[in-house]
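Residues per chain are reported as follows:
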Amino acid sequence: MSGTNSVRTVSEHRASERSGENERSGRVETCPECGGTVTTDDGRGERVCEQCGVVVESDAIDHGPEWRAFTPSEKDERSRVGSPTTKLLHDEGLSTSIGWADKDASGRTLSSSQREKMSRLRVWDERFRATDSRDRNLKQALGEIDRMASALGLPENVRETASVIYRRALDEDLLPGRSIEGMATASLYAAARQAGTPRSLDEFEPISRVRRQKYARAYRYLARQLELGIAPADPAEYLPRFVSELELSDDLERQARELLSAVKETGGHSGKNPTGLAAGAIYAAGLLTGDRITQQEVAETADVSEVTIRDRYSELLEALEGDQIDARSERGGN
DNA sequence: ATGGTTTTTACTGCGTC
DNA sequence: GACGCGGTAAAAACCAT
C-alpha cells in the first residue's frame with residue numbers, strides 16, 4: 001500500500017482530485033445502511049458512506065509509512081512519526097491500560113516489590129500513550145499536508161518544510177484548541193511561501209477541509225509564535241506560474257518583473273494584494289510586448305477581479321514612466 | 001466593535017472589429 | 001452586435017486597534 005501510494009505522481013493526484021474521486025485504495029463497497037457507495041477517506045483512515053455518512057470501518061487503511069525517505073537522516077526523522085507497521089507491535093497500535101488497583105489477576109494484593117514494579121510500568125504506559133496520540137496527530141496532519149500539496153502541485157521540499165513547521169508547532173504545544181486540519185493547512189501555506197513558491201490563501205479554500213478564516217488565523221498565530229519571520233509575499237514569485245498557465249513568453253515575464261521592481265521602488269506596492277500586482281504586471285507587460293492578453297484571462301488565472309487588474313496595471317505603468325524619467329534626469333537635465 | 005483601506009460586484013458607456 | 005476596456009458606486013472583505 002505504502003509503495004503504490006508514495007509512487008503516485010503529482011499529475012495522477014491532480015487528476016483524481018479534479019474528477020472528485022478519492023478511492024485510492026480501489027476497494028468498492030456498498031453501505032450496509034442505505035446501499036450507497038462507500039468511499040475511503042484516506043486522511044482519516046475511515047471508510048465512509050457517501051450517502052448517509054455512516055463510518056463503515058475506521059482505521060482500515062493507511063498502515064504504511066506516509067512518505068518515502070531519501071536519506072538516512074530522513075528515515076530517522078520519519079520513523080519517529082508513528083508506528084505504521086502495526087502487526088509488529090504487540091498491541092497492533094491499540095492503547096494499553098494497566099489497572100490501578102494493586103491486585104493480581106485473582107484479586108490478591110501484591111507484594112510491595114510487585115506494587116513498585118507495577119507503578120513504574122504505569123508511568124511508562126502513560127508516557128507511551130502520550131507519544132502515541134502525538135504520533136497519531138502528526139500522522140494525520142502530515143497526511144493532510146501531503147494531500148493538499150499534491151492538489152496544489154507543490155514539490156517535495158515544500159512538504160518537508162511544512163512537516164517541520166507542523167512538528168515545531170506540536171513541540172511547542174500550539175495545537176490545543178486548534179484543529180489539526182487548520183494547522184496543517186497553515187503549515188503548508190507557510191512552507192510554500194518560505195520556499196518562494198507561494199500559493200494564495202484563496203487557493204487553499206477548495207482544498208482544505210477547513211474554512212479560510214480558520215487556517216488564516218492559524219497561520220498568523222503560527223507565524224507569530226514560531227517567529228517564522230516570513231516577509232510579505234513578493235508578487236514576482238507568482239509570475240512564473242501565471243505566465244506558464246497563460247502560455248506567455250519569457251520575454252513578457254521579464255517585462256513584468258521590471259514593472260514590479262519599478263513599482264517597488266516607488267513603494268506603491270505595499271498593502272496591495274500580491275497576486276493582484278502580479279496580474280496587473282502581466283497585463284501591462286502584455287501591452288508593452290504587444291501580446292494580446294485580455295484582462296479577463298489574467299483575472300481568471302490569477303484569481304483577482306478585472307477591476308483590480310485595471311487599477312494595478314495603470315499604477316505599474318506610471319511607476320515605470322517615473323522610473324524612466326528618473327533615469328533620464330540622472331543622465332543630466334530635466 | 002470600529003474605522004480605514006483594499007477588493008469585488010454590478011452596471012455603465014465608448015470604441016473597434 | 002459582440003467584445004474588450006475604462007470608470008464608478010456600493011458592498012464585502014480584510015486588518016489593526
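The structure displayed is predicted, hence computed values, not measured ones.

**Student:** How should I be thinking about the overall build of chain A in this particular structure?
**Tutor:** What chain A contains, in helices and strands, is 13 helices and four strands. With 334 residues in all, chain A has 39% of them scored as buried. The long-range share in chain A, meaning contacts at least 24 apart out of those at least 6 apart in sequence, stands at 59%. Surface accessibility of chain A: about 19,100 Å² in total, with carbon and sulfur atoms responsible for 47%.

**Student:** Just checking my understanding: could you explain the packing of helix α11 (residues 274-289) against helix α12 (residues 295-302) for this structure?
**Tutor:** A pair of packed helices is captured by two measures, namely the crossing angle of their axes and the spacing between those axes. At their nearest, the axes of α11 and α12 sit 10 Å apart, and the two run at 150° to each other. Relative to α12, the element α11 lies roughly antiparallel. Considering only the axes of α11 and α12, their crossing is right-handed. Side by side, α11 and α12 meet where T275, A279, I282 and Y283 of the first sit next to Q295, V298 and A302 of the second. Residue classes in the contact of α11 with α12 are distributed as five nonpolar, two polar and no charged.

**Student:** How should the pattern of salt bridges be read in this particular structure?
**Tutor:** It is possible for side chains of opposite charge to pair when their charged atoms get near one another. Within the structure shown, the criterion is met by eleven salt bridges. Between D171 and R134 there is a salt bridge whose closest N-O contact spans 3.1 Å. Separated by 37 residues along the polypeptide, D171 in helix α5 (residues 156-171) and R134 in helix α4 (residues 112-152) bring together distant segments of the chain. Residue R134 is classed as partly exposed on the basis of its relative accessible area of 32%. Between R159 and D146 there is a salt bridge; the shortest N-O distance is 3.0 Å. With R159 in helix α5 and D146 in helix α4, this pair connects stretches of sequence that are 13 residues apart. Relative accessible area serves as the criterion here: at 17%, D146 is assigned to the buried category.

**Student:** What exactly am I supposed to notice about α11 here?
**Tutor:** Working note: α-helix, 3.6 residues per turn, so residues spaced by three or four point in the same direction. Taking 1.5 Å per residue, 16 residues should reach 22 Å; α11 reaches 22 Å between its end C-alpha atoms and fits that length. Extensive coverage of α11 is indicated by the burial of twelve of its 16 residues. Taken together, the buried positions of α11 are T275, G276, L277, A278, A279, G280, A281, I282, Y283, A284, A285 and G286. Looking one or two residues beyond α11, the residue adopting positive phi is G290, at roughly 85°.

**Student:** What am I meant to see in the packing of aromatic side chains here?
**Tutor:** The description of two aromatic rings rests on the distance between their centres and on the angle between their planes. A full pass over the atoms with the stated rule returns five aromatic pairs. Summarising the aromatic geometry, the rings of Y283 and Y313 are spaced 4.8 Å apart at their centres and angled 75° between planes, so their arrangement reads as edge-to-face. Note that Y283 is positioned in helix α11 and Y313 in helix α13 (residues 306-331), a separation of 30 residues in sequence. One aromatic cluster is present, built from ring pairs that chain together Y189, F204, Y215 and Y219. The ring of Y221 carries the charged tip of R178 above its face, separated from the ring centre by 3.7 Å.

**Student:** What is the right way to look at the protein's contact with DNA strand C in this model?
**Tutor:** As a matter of local geometry, DNA strand C sits amid R212, Y283, I293, T294, Q295, V307, R310 and Y313. At the protein interface, 69% of the atoms of DNA strand C within 4 Å belong to sugar or phosphate. Separating a phosphate oxygen of DNA strand C from a side-chain N or O atom of R212 is a distance of 3.0 Å. Between DNA strand C and the protein, one listed contact pairs a base oxygen with a side-chain N or O atom of R310 at 3.1 Å. In terms of residue count, the dominant contributor to the surface near DNA strand C is α13 (three residues). In terms of residue class, the surface near DNA strand C is made up of four nonpolar, two polar and two charged.

**Student:** What should I look at first to understand the packing of helix α10 (residues 250-266) against α11 in this one?
**Tutor:** Their axes nearest at 8 Å, the elements α10 and α11 cross at an angle of 120°. Comparing their axes, α11 and α10 come out oblique. In the packing of α10 onto α11, the handedness of the crossing is right-handed. Judged by residue contacts, D251, L252, Q255, A256, L259, L260 and V263 of α10 engage L277, A281, I282, A284, A285, G286, L288 and T289 from α11. Looking at the contact of α10 with α11 residue by residue, the classes come out as eleven nonpolar, three polar and one charged.

**Student:** Just to check I follow, could you spell out the protein's contact with DNA strand B for this structure?
**Tutor:** The local shell around DNA strand B consists of G271, K272, N273, V304, S305, V307, T308 and R312. Each atom of DNA strand B within 4 Å of the protein was assigned to sugar, phosphate or base; sugar and phosphate come to 76%. The separation between a phosphate oxygen of DNA strand B and a polar side-chain atom of T308 is 2.3 Å. Here a phosphate oxygen of DNA strand B and a side-chain polar atom of R312 are 2.5 Å apart. Looking at the surface near DNA strand B residue by residue, the class counts come to two nonpolar, four polar and two charged.

What counts and what doesn't
Residues numbered from 1 in each chain as written. Chains lettered and ligands numbered in written order. Predicted model: local features only at pLDDT ≥ 70, side-chain atom pairs only at ≥ 80, totals over all residues. Heavy atoms only, no water. Helix = DSSP H or I, 4+ residues; strand = E, 2+ residues; numbered from the N terminus. Buried < 20%, exposed > 50% of the residue type's maximum accessible area, 1.4 Å probe, protein only. Contact = heavy atoms within 4.5 Å. Areas by Shrake-Rupley, 256 points an atom, 1.4 Å probe, with all protein chains shown as cover. Axes fitted to C-alpha atoms, helices over the stretch in contact; angles between N-to-C directions. Parallel < 35°, antiparallel > 145°, perpendicular 65-115°, else oblique. Left-handed = near helix turned anticlockwise from the far one by under 90°. Nonpolar A, V, L, I, M, F, W, Y, C, P; charged D, E, K, R; others polar. Salt bridge = Lys/Arg side-chain N within 4 Å of Asp/Glu carboxyl O. Expected span 1.5 Å × (residues − 1). Phe/Tyr/Trp six-rings, centres within 6.5 Å; stacked < 30°, edge-to-face > 60°. Lys NZ or Arg CZ within 6 Å of the ring centre and 35° of its normal. Near = heavy atom within 4 Å. Polar contact = N/O pair within 3.5 Å; in protein donor to acceptor, adjacent residues only side chain to side chain.

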